[in-house]
Each structure stands twice: as C-alpha cells, then as structure tokens.
Amino acid sequence: MNVTVESSGSVVIAYLIGEIDHHTAVDVREKIDSAIKFKKPAHLIIDFRNVTFMDSSGIGLVMGRYRLMQSMIPSGSVEIKNVTTQVKKIMELAGLGRIAIIKEQKNEED
C-alpha cells in the first residue's frame, strides 16, 4: 500500500494505491495524520481509485481520520472518492455514510 498526500488551500487529498489491510493501514494512517496535523484542512478527501483490495482496516482508516479531523477542526469534513459500488455498500452498512460523503467511481467517459 502506498499513499500520496497533496494539499491545496484548505483541502488535503490522500490518494491510496494498492491493498489496505491491517499491516499496510499503519503507514497510511501515519502519513494522512501527519498531513492533517500540519495543514489543519477544512476538508479531507480519501481517493480509493487505485485500491485493489480492502478489508475492515479500510473502514477503520476512514473512521480514524474522521475522528482526527473532528478533534482538530470540528467543522471539518471527510469525503471518500472513487469507491466501487460494492465497497460503497459496505461503507454505508458500516455507517460511514453518516460521517463522510461517499462517491462511487465514474466511467472514464463521464
């Protein structure tokens, strides 16, 4: 698992690449948390476009970043982008739809 973190103004975007599991989630959390603590963004976007596998650690990854955002910037928001239809259903069942905006992947033509 690799993550690239970019920021622009009050937005931090984390591009996830590869597999998210118990072992890889630790590094990803640390990199995203570091960017949140340094930039103090109003909006965090976590992009799942290049995620090839995710277990429950992906749910925990999002929930933890939401909690950090809320502790530092109570009005801050979290958006989860480019998830598959199946992953979106799992995230909604886990309650992530109540704490984050969840957007599915669009076709390349869109």
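Residues numbered from 1 in each chain as written. Predicted model: local features only at pLDDT ≥ 70, side-chain atom pairs only at ≥ 80, totals over all residues. Heavy atoms only, no water.

K.L.:
Explain helix 1 (residues 25-39) to me, and be specific about the residues and the numbers.
P.N.:
Compared with the 21 Å implied by 1.5 Å per residue over 15 residues, the 21 Å span of helix 1 between its first and last C-alpha is a close match. For helix 1, every residue scored as buried is listed here: Ala-25, Val-28, Ile-32, Asp-33, Ala-35 and Ile-36. In a view along the axis of helix 1, the buried residues occupy a sector of 160°, so they form one face of it. Among the exposed residues of helix 1, those pointing more than 90 degrees away from its buried face are Glu-30 and Phe-38. Here the buried face of helix 1 lies against strand 1 (2-8), strand 2 (11-20), strand 3 (43-54) and helix 2 (56-72). Note on helix 1: the residue one or two positions beyond its end, Lys-40, has a positive phi of about 50°. (Helix = DSSP H or I, 4+ residues; strand = E, 2+ residues; numbered from the N terminus. Expected span 1.5 Å × (residues − 1). Buried < 20%, exposed > 50% of the residue type's maximum accessible area, 1.4 Å probe, protein only. Arc of directions from axis to C-beta. Contact = heavy atoms within 4.5 Å.)

K.L.:
Mind laying out the pairing of strand 4 (residues 77-83), listing which residues take part and the relevant values?
P.N.:
Most of strand 4 sits inside the fold, with five of its seven residues counted as buried. The sheet contact formed by strand 3 and strand 4 spans five bridges and is parallel. Along strand 4, the bridge assignment pairs Asp-47 with Lys-81. Crossover connection from strand 3 via helix 2 to parallel strand 4: handedness right-handed. (Pairing = 2+ DSSP bridges. Right-handed = clockwise from strand over helix to strand, strands pointing away.)

K.L.:
Explain the environment of Val-78 to me, and be specific about the residues and the numbers.
P.N.:
One can find Val-78 in strand 4. In sequence terms Val-78 and Arg-65 are 13 residues apart; their C-alpha atoms lie 8.1 Å from each other. Ignoring anything within four residues of it in the chain, the contact list for Val-78 reads His-43, Leu-44, Ile-46, Tyr-66, Met-69, Ile-99, Ala-100 and Ile-101.

K.L.:
Please provide a residue-by-residue account of the pattern of salt bridges, values included.
P.N.:
Summed over all chains, the structure comprises four salt bridges. The closest approach of N and O atoms between Lys-103 and Glu-79, which form a salt bridge, is 3.3 Å. With Lys-103 in strand 5 (residues 101-104) and Glu-79 in strand 4, this residue pair connects regions lying 24 residues apart in the sequence. Lys-103 sits in the partly exposed class, given a relative accessible area of 40%. A salt bridge links Lys-88 to Glu-104, with the nearest nitrogen and oxygen atoms 3.8 Å apart. You can see Lys-88 sitting in helix 3 (residues 85-93) and its partner Glu-104 sitting in strand 5, a full 16 residues away along the chain. Residues joined in a network through salt bridges with shared partners are Lys-88, Glu-92 and Glu-104. (Salt bridge = Lys/Arg side-chain N within 4 Å of Asp/Glu carboxyl O.)

Such coordinate-based values are descriptive only and should not be taken to indicate function.
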